Every structure is written in C-alpha cells, then in structure tokens.
Amino acid sequence: MSAPGGSGLPGSVAGPGTTTPSVRPAGPDDALCLGVLAPRVFLETYAPEGVRPALAREVLATLSPAAFDAALADPASRLFVAEHAPHRVGFVHLVLGAVPPGPPLAHPAEVLRLARAEAAAAAAGARHVWLTAWVGNLRARAFYAARGYADRGAADHWIEGERFENRLFVKALPAGAVADRTGDADAPARTPAA
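Keep in mind the model is a prediction, meaning the values are calculated, not measured.

### Quick word on the pairing of strand β2 (residues 77-84)
In terms of burial, β2 is largely enclosed, as seven of its eight residues are buried. One ladder, built from four bridges, connects strand β1 (residues 22-25) with β2; its direction is antiparallel. Residue pairing for β2: P25 is matched across the bridge by F80. Looking at chain direction, β2 and strand β3 (residues 87-96) are connected through eight bridges and run antiparallel. Bridged to F80 within β3 is V92. In this structure, the hairpin formed by β2 and β3 is closed by a connection of two residues.

Encoded structure:
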C-alpha cells in the first residue's frame, strides 16, 4: 500500500528529500510511530471515501501501537522500518510459517508489508513469500509483479462481514538465498513494509 506522494514502496509515505530511506530492524521504540503510520496507509487504501465503524475497529485491533508491541514480541514475526531519520516512512511485517489462502506452499512466510522480507524469510528457511494487495491498488500490484511476485488469484479480506477484494501474490525464493541483502535499498522485497 502506498500513500499518495509516497516513496513508491507499498506501506510507505513521502519522506524528506528525494533520497532512498534506510531500512533497519524495528525495535520497541518504533511501535508508537508504526501505530500511527500503519493506520494512515491502511485507511488511504481501504477507506478512500471515509471511515466506517468496521474499518475503525480493524485499525484499532490490528494496527495500534499495542499490536506492534505484540508483533515485536512474537518470535514468528520480523518487522523492519524504512526511515529518513528520525522519521519512519514505511515498514514491512513478515510472519514466518503463515499459511496463505488457496493451494498450500512449502515452508511459507507471509509478507504483511513488503520491504526487505525475502532475505529474512530465506534466512529463516522459507521457500516462498506471499502477500495480498487490494484489487484497486494498481500501483502496488504492479510493484509486486515487477519484482517477480505471481498473482495467484482472489484472496478476499473480510472486515465484520464486509468483503474487500484482494489479490494473492506469491514468489518462490531461490535456493541458498542469503540474508545480507537487507541493507540493499534496491532489493526486490524487504523484510517489513513498504
């Protein structure tokens, strides 16, 4: 998900200047800022016409500072922050072992917010990474496709009985992929955010 005027990375907003943001592992001090940044990007994607109670509850339940504190404490989660110091401008959330909708994958890892996830997933033994993108976010869908993610079909996101059409994207990781790519700003995917 990219905010209007963002860096072009899903899950990001514009940062100062035109330089590429740096990416680093998230820490406990990041939960507060991510709990403000994530809802902004989510609402710009799923609520372009305004906020309804179901969307408000979804944001508070899944994208709050407390939710990020829980993710940081979860051994299956990896969070990475993109920043123009001291401003957080994007993030990626990787969940190891998460099972995608549809046909099973061997040793998967879900990319919740694309950015540097492939290297971390491969380092943890994942053979595939997957994510979903809202069908109307053509910019994000093109971004993922250009980086080798295959569109595997519908993967709807439901919020309190309301359907939001999403697409499932999957990418097989090369055998022997190494984790030292996390510092490469041009890597196709980064472990948590964009």
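We are not done yet, so read on.
### Details of the nonpolar core
The biggest cluster of nonpolar side chains holds 20 residues, and the ones touching the most others in it are L34, F42, L55, F68, L79, F91 and I159. Elements represented by at least two residues in this core include exactly α1 (31-46), α2 (53-62), α3 (65-73) and β2. Here this core gets seven residues from one element, more than from any other, and that element is α1.

### Considering unusual backbone geometry
For the bond running from A85 to P86, omega is 0 degrees, close enough to zero to count as cis. Within the secondary structure, P86 sits in the loop between β2 and β3. In this structure, E160 is a non-glycine residue whose phi angle is positive, near 50 degrees. You can see E160 is positioned in the loop between β7 (157-159) and β8 (162-164). Residue class for E160 comes out exposed when judged on its relative accessible area of 52%.

### As for the confidence of the model for the protein chain
Confidence in the prediction of the protein chain, expressed as mean pLDDT, is 74, and 70% of residues score 70 or more. Within the protein chain, strand β4 (residues 108-111) has the poorest average pLDDT of any element, 50, and α3 the best, 95. Ignoring residues within four places in sequence, the model shows residues 1-16, a span with pLDDT below 50, making 64 contacts including any to other chains. Contacts of residues 177-194 to residues separated by more than four positions or lying in other chains number 77 contacts, the stretch itself having pLDDT below 50.

### Re the pattern of salt bridges
Oppositely charged side chains can form a pair if their charged atoms are brought close together. Scanning the model with the defined rule gives nine salt bridges in all. Across the salt bridge formed by E162 and R52, the nearest N and O atoms sit 2.7 Å from each other. Of this pair, E162 sits in strand β8 while R52 sits in the loop between α1 and α2, and the two are 110 residues apart along the sequence. Judged by its relative accessible area of 32%, R52 falls in the partly exposed class. Of the charged contacts, one joins D151 and R167 as a salt bridge, the two residues approaching to 3.0 Å between their closest N and O atoms. Linking D151 in strand β6 (residues 150-154) with R167 in strand β9 (residues 166-172), this pair joins segments that are 16 residues apart in sequence. Given a relative accessible area of 34%, D151 falls into the partly exposed group.

### Considerations on the packing of α1 against α3
The geometry of a pair of packed helices is captured by two quantities: the angle between their axes and the separation between those axes. Two numbers describe how α1 lies on α3: the axes approach to 7 Å, and their chain directions differ by 120 degrees. Taken together, α1 and α3 sit at an angle that is classed as oblique. The handedness of the crossing between α1 and α3 comes out as right-handed. The segment α1 lies against α3, with A31, L32, L34, G35 and A38 engaging P65, F68, D69 and L72.

What counts as what
As a convention, each chain's residues are numbered from 1 in the sequence order in which they are written. Note on the predicted model: pLDDT of at least 70 is required for a residue's local features to be given, and 80 or more for side-chain atom pairs to be given and counted; whole-chain, interface and lining totals, by contrast, use all residues. With hydrogens and water stripped out, all remaining heavy atoms of the structure feed into the side-chain values. Residue burial is assigned from relative accessible area. The probe radius is 1.4 Å, only protein chains are included, and a residue is buried under 20% of its type maximum, exposed over 50%, and partly exposed in between. The numbering of helices and of strands both runs from the N terminus, where a helix is a DSSP run of H or I of at least 4 residues and a strand a run of E of at least 2. In this scheme, strands are said to pair when DSSP sees at least two bridges between them. For this analysis, a nonpolar core means a set of buried residues of the types Ala, Val, Leu, Ile, Met, Phe, Trp, Tyr and Cys, connected via side-chain atoms within 4.5 Å. The predictor attaches a confidence to each residue, and that confidence, scored 0 to 100, is pLDDT. By definition in these notes, contact holds between two residues if any of their heavy atoms fall within 4.5 Å. Each salt bridge in this description consists of a side-chain nitrogen of Lys or Arg and a carboxyl oxygen of Asp or Glu lying within 4 Å of one another. A fitted line through C-alpha atoms serves as each axis, taken over the contacting stretch for helices, and the angle formed by two N-to-C directions is quoted from 0 to 180°. The cut-offs work like this: below 35 degrees is roughly parallel, past 145 is roughly antiparallel, 65 to 115 is roughly perpendicular, and the gaps in between are oblique. By convention the crossing between two helices is left-handed if the near helix lies anticlockwise of the far one by an angle smaller than a right angle, and right-handed if it lies clockwise.

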